[in-house]
Amino acid sequence: MREFTYVGLPSRVVFGAGTRMRLPEEVRLLGAKRVLILATPSHAETARELLDALGAMGAGIYSGAVMHTPVHVTEDTLARVRALGADALVALGGGSTIGLSKALALRTDLPQVVIPTTYAGSEMTPILGETRGGEKTTQRTLEVLPESVIYDVDLTLSLPARISAASAINAMAHAVEALYARNHNPVTSLMAEEAIRALRRGLLRIMEEPSDLEARSDALYGAWLAASCLATAEMALHHKLAHVLGGSFDLPHAETHAVLLPHTAAYNAPAAPEALRRVATALEADDAASGLFALNARLGLPQALRDLGMHEEGIGRAAELAVKSPYWNPRPLVEEELRALIARAWSGDPPQPHED
Ligand code: NAD
């Protein structure tokens, strides 16, 4: 076995259908007495149910979380936190609501209980992305890592099948990159492989029956494992490209991950054969890249960047940006090859096997 360093982050996870009602217990464990619930209007009813369950510990609900954690929204909410004298935060929702909670925790040091409702995975990571005047900055600090996470499978039942698929393939991308990360280790690799297996199994059934609780449990379990990988593994080409394309061409986050993943897996396969073999095994496929491409098709996900609104002229610019600030990747980054990769992803062609 090769030498490795394993980093485990502190986390407490409560998992299962109906577990949101364990919130008062989790809050008491934190020693909190006045809790502010953060949400979006789509979760107003559940937020109210949680506030009632908290009884005297419930200080109020703030339903103004928005995408990309704009600093002005955080500052407005901060005033609310202070006015209420809140001593803990509860985030109920997807990555946007969790982002707001993390941004508040960074500024106040308040403890957080997070109840995720998508598969995006922010709840397990010490990563915070914020936007100020349209500019996004990302930082990594344990100060934003939630103290407690409640994965209530019931809350994912309302996530439409199509959004579930895109969100879960986004999660799968964390696991795929964790397997060949520079700092990969046997423990994150176990979690990553199991994440891919559970996400695939759950998703295929969700497509047929979105209210199947077992399938929803598999998908959420996989999302948790994938998020745990993202928390410590160093991401590479795939995440860099998704970030470049999403940011520079304003493409939808989760779908961009889904379109790119088969192609980035093909690109890195010659340099990380064991990692990609594990991906293929978890997908029950002969080969990781074609297995990921076929899975996207089965899930009805977009296969082409052009269908997400990217113009063909952007291909060269995207390849330039992808090599502009160097970062580690198992296989060297060659602009010309990346241009070919993005061109295939743009037109929706199958991934191209690479040889070194
Ligand atoms: P999101 O929170 O914006 O949710 C997407 C949409 O789904 C919203 O309209 C929301 O109201 C709706 N929704 C959420 N849960 C639902 C449910 N159960 N049923 C029906 N509708 C539901 O987005 P997201 O996809 O969860 O997260 C993406 C964001 O999170 C991005 O900004 C991304 O950068 C960030 N993110 C951060 C990290 C990190 O580690 N910091 C990790 C992953 C994602």
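Right, let's walk through the structure included here. Keep in mind the model is a prediction, meaning the values are calculated, not measured.

## Focus on the pattern of salt bridges
- Here the structure, examined in full by the defined rule, presents 19 salt bridges.
- Here Glu49 makes a salt bridge to Arg20, at a shortest N to O gap of 2.9 Å. One end of the pair, Glu49, is in helix α2 (residues 44-54); the other, Arg20, is in the loop between β1 (13-15) and α1 (23-29), with 29 residues separating them in the sequence.
- Overall, the relative accessible area of 29% leaves Glu49 in the partly exposed class.
- Classification of Arg20 by relative accessible area gives buried; the value is 15%.
- Here Arg201 makes a salt bridge to Asp218, at a shortest N to O gap of 3.0 Å. Placement of the pair is Arg201 in helix α6 (residues 186-208) and Asp218 in helix α7 (residues 213-232), with a sequence separation of 17 residues.
- The class of Asp218 is buried, set by a relative accessible area of 12%.
- Each of the salt bridges in this network shares a partner with another, and the network as a whole consists of Arg20, Glu49, Asp152 and Asp154.

## Thoughts on the pairing of strand β2 (residues 35-38)
- Neither face of β2 is exposed, since Val35 and Ile37 on one face and Leu36 and Leu38 on the opposite face are all buried.
- As defined by bridge partners, β2 adjoins strand β3 (residues 58-62) across 4 bridges and the pair is classed as parallel. Residue Ile37 lies in a different strand from β3, and its bridge partner there is Ile61.
- Traced from β2 through α2 to β3, the parallel crossover comes out right-handed.

What counts, and at which threshold
- Residues numbered from 1 in each chain as written.
- Predicted model: local features only at pLDDT ≥ 70, side-chain atom pairs only at ≥ 80, totals over all residues.
- Heavy atoms only, no water.
- Salt bridge = Lys/Arg side-chain N within 4 Å of Asp/Glu carboxyl O.
- Helix = DSSP H or I, 4+ residues; strand = E, 2+ residues; numbered from the N terminus.
- Buried < 20%, exposed > 50% of the residue type's maximum accessible area, 1.4 Å probe, protein only.
- Pairing = 2+ DSSP bridges.
- Right-handed = clockwise from strand over helix to strand, strands pointing away.

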